[in-house]
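# Structural features, examined
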Number of protein chains: 2
Amino acid sequence: MRKALTIGCLARTAGVNVETVRYYQRVGLIREPRKPPSGYRVYPPEMVDRIKFIKRAQPLGFSLQEIADLLELGDGHCADVRVRAEEKRAQIQQQITDLTALKTTLDGLITACQSENDTAYCPIVESLAGKQA
Amino acid sequence: MRKALTIGCLARTAGVNVETVRYYQRVGLIREPRKPPSGYRVYPPEMVDRIKFIKRAQPLGFSLQEIADLLELGDGHCADVRVRAEEKRAQIQQQITDLTALKTTLDGLITACQSENDTAYCPIVESLAGKQA
DNA sequence: GAGAACTCCGTATATAGGTACAGAGTCTCA
DNA sequence: TGAGACTCTGTACCTATATACGGAGTTCTC
């Protein structure tokens, strides 16, 4: 019989700490499997990808709560999925726009690194100088 | 005479808390102006944009340390600017790629919201399913 | 020139996202 | 079958990123 996916195995496979898995359970980000009479919980294999997703979404600027929202959309507990998905998409589009601006600025720095730069002007700051505030 | 840009005025204009400005000074993210004999520090006007930049970079997934790095690049304290800028650019490109994948998945959810979704399969998770780990 | 509003400095508190550890029970495998 | 590895629960601790507060001094405004 294949080894059961217990919490330690899950954590190792997904590349996180066991305590992190427990933490995600505590805050409701992932479901805790029913505790079998024996006492050791067994996780479904998809849980590995779910945790990997979380770990990749974080450095994109999503909080755990936002990630929970995204996952819920994917889980298809519909109702207002469409509306919420559209909101998320708009937010993500804004992030892409900002990052693209930043990247363009870095391109400039890279190709013209002989910066005649003794002024208070900072090209990096300019890149996100949206006048929205 | 125009009102001097004291810390309160700076904070208000940039849309942050006074304590946040002090905090950024403490951690070295922005420079604290020399204290005049009177005791009230005066900030240069560019500081407003610098703080706004920080506040826009954070939700893109950058830590304060990473933002400090970016700003330093822009400030042109060269030496290894080119190399560091190239690293940052690569990182940002990866973020853009990931976000684009996520957005594409949301597009799918939005156009085909009648999800025949009773399986363990989750399209959102799939979107970042890079097999890099 | 007096009171309100502001600044300074130091310290304390808050929240998110983990990580660590203790003590007791369970599983695995030679 | 017994030692070592693992899990469970609960609680404590840690870092990053702020935010709040108290008491003393400064500036603005009327």
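Now for a look at the structure at hand. Note that the structure is predicted; figures quoted are calculated from it, not measured.

## Quick word on the overall build of chain A
Helix and strand counts for chain A stand at 6 helices and 0 strands. Starting at the N terminus, the α and β elements of chain A follow one another as α-α-α-α-α-α. Here chain A holds 133 residues, and 38% of them are scored as buried.

## Some thoughts on the protein's contact with DNA strand C
The environment of DNA strand C is made up of 20 residues, and the closest members are T20, Y40 and Q58 of chain A together with T6 and Y40 of chain B. Counting only the atoms of DNA strand C that lie within 4 Å of the protein, the sugar and phosphate share comes to 70%. Within the side chain of K55 of chain A, one N or O atom sits 2.7 Å away from a phosphate oxygen of DNA strand C. For the surface near DNA strand C, the secondary-structure elements that each account for two or more residues are α2 (18–26) of chain A together with α1 (7–14) of chain B. If one sorts the elements of the surface near DNA strand C by residue count, α2 of chain A sits on top with 5 residues. Residues belonging to the surface near DNA strand C are distributed by class as follows: 6 nonpolar, 8 polar and 6 charged.

## Some thoughts on the relation of the copies chain A and chain B
Mapping chain A onto chain B calls for a screw motion: a turn of 180 degrees about the axis and a shift of 0.0 Å along it, with 0.1 Å RMSD after fitting. Both copies of the chain, as the preceding transformation shows, are related through a two-fold rotation axis. For chain A, the minimum C-alpha distance to the rotation axis belongs to G61 of chain A and amounts to 1.8 Å. In this assembly, 100% of the residues forming the interface of chain A have copies in chain B that are likewise at the interface, indicating an isologous arrangement.

## Thoughts on the protein's contact with DNA strand D
In the vicinity of DNA strand D, 20 residues are found, and the nearest of them are Y40 of chain A together with T20, S38, Y40 and Q58 of chain B. When the atoms of DNA strand D within 4 Å of the protein are sorted by group, sugar and phosphate make up 68%. Contacts to DNA strand D include G8 of chain A, whose backbone N or O atom sits 2.8 Å from a phosphate oxygen. At 2.5 Å, a side-chain N or O of Y40 of chain A approaches a base oxygen of DNA strand D.

## Here we look at the pattern of salt bridges
Throughout the structure, instances matching the rule amount to 10 salt bridges over all chains. The salt bridge involving R89 of chain A is made with D107 of chain B; its shortest N-O contact spans 2.6 Å. Of the two residues, R89 of chain A sits in helix α5 (residues 81–111) while D107 of chain B sits in helix α5 (residues 81–111), which places them in two different chains. With a relative accessible area of 25%, D107 of chain B lands in the partly exposed category. The salt bridge involving E86 of chain B is made with R82 of chain B; its shortest N-O contact spans 3.6 Å.

## Observations regarding the interface of chain A and chain B
Contacts between the two partners involve 53 residues from chain A and, on the opposite side, 53 residues from chain B. A buried area of about 4800 Å², summed over both sides, lies between chain A and chain B, and 70% of it is on carbon and sulfur atoms. For the interface between chain A and chain B, the tally reads 4 salt bridges. Among the ionic pairs, R56 of chain B bridges to D98 of chain A, the shortest N-O distance being 2.8 Å. Looking at the side of chain A that touches chain B, the elements with two or more residues in it are α3 (46–57), α4 (64–75), α5 and α6 (123–127) of chain A. For the side of chain A that touches chain B, the element with the highest residue contribution is α5 of chain A, accounting for 20 residues. Partitioned by chemical class, the residues of the side of chain A that touches chain B number 27 nonpolar, 12 polar and 14 charged.

What counts and what doesn't
Residues numbered from 1 in each chain as written. Chains lettered and ligands numbered in written order. Predicted model: local features only at pLDDT ≥ 70, side-chain atom pairs only at ≥ 80, totals over all residues. Heavy atoms only, no water. Helix = DSSP H or I, 4+ residues; strand = E, 2+ residues; numbered from the N terminus. Buried < 20%, exposed > 50% of the residue type's maximum accessible area, 1.4 Å probe, protein only. Near = heavy atom within 4 Å. Polar contact = N/O pair within 3.5 Å; in protein donor to acceptor, adjacent residues only side chain to side chain. Nonpolar A, V, L, I, M, F, W, Y, C, P; charged D, E, K, R; others polar. Least-squares fit on C-alpha atoms with pLDDT ≥ 70 in both. Contact = heavy atoms within 4.5 Å. Salt bridge = Lys/Arg side-chain N within 4 Å of Asp/Glu carboxyl O. Buried area = accessible area lost by both parts, 1.4 Å probe.

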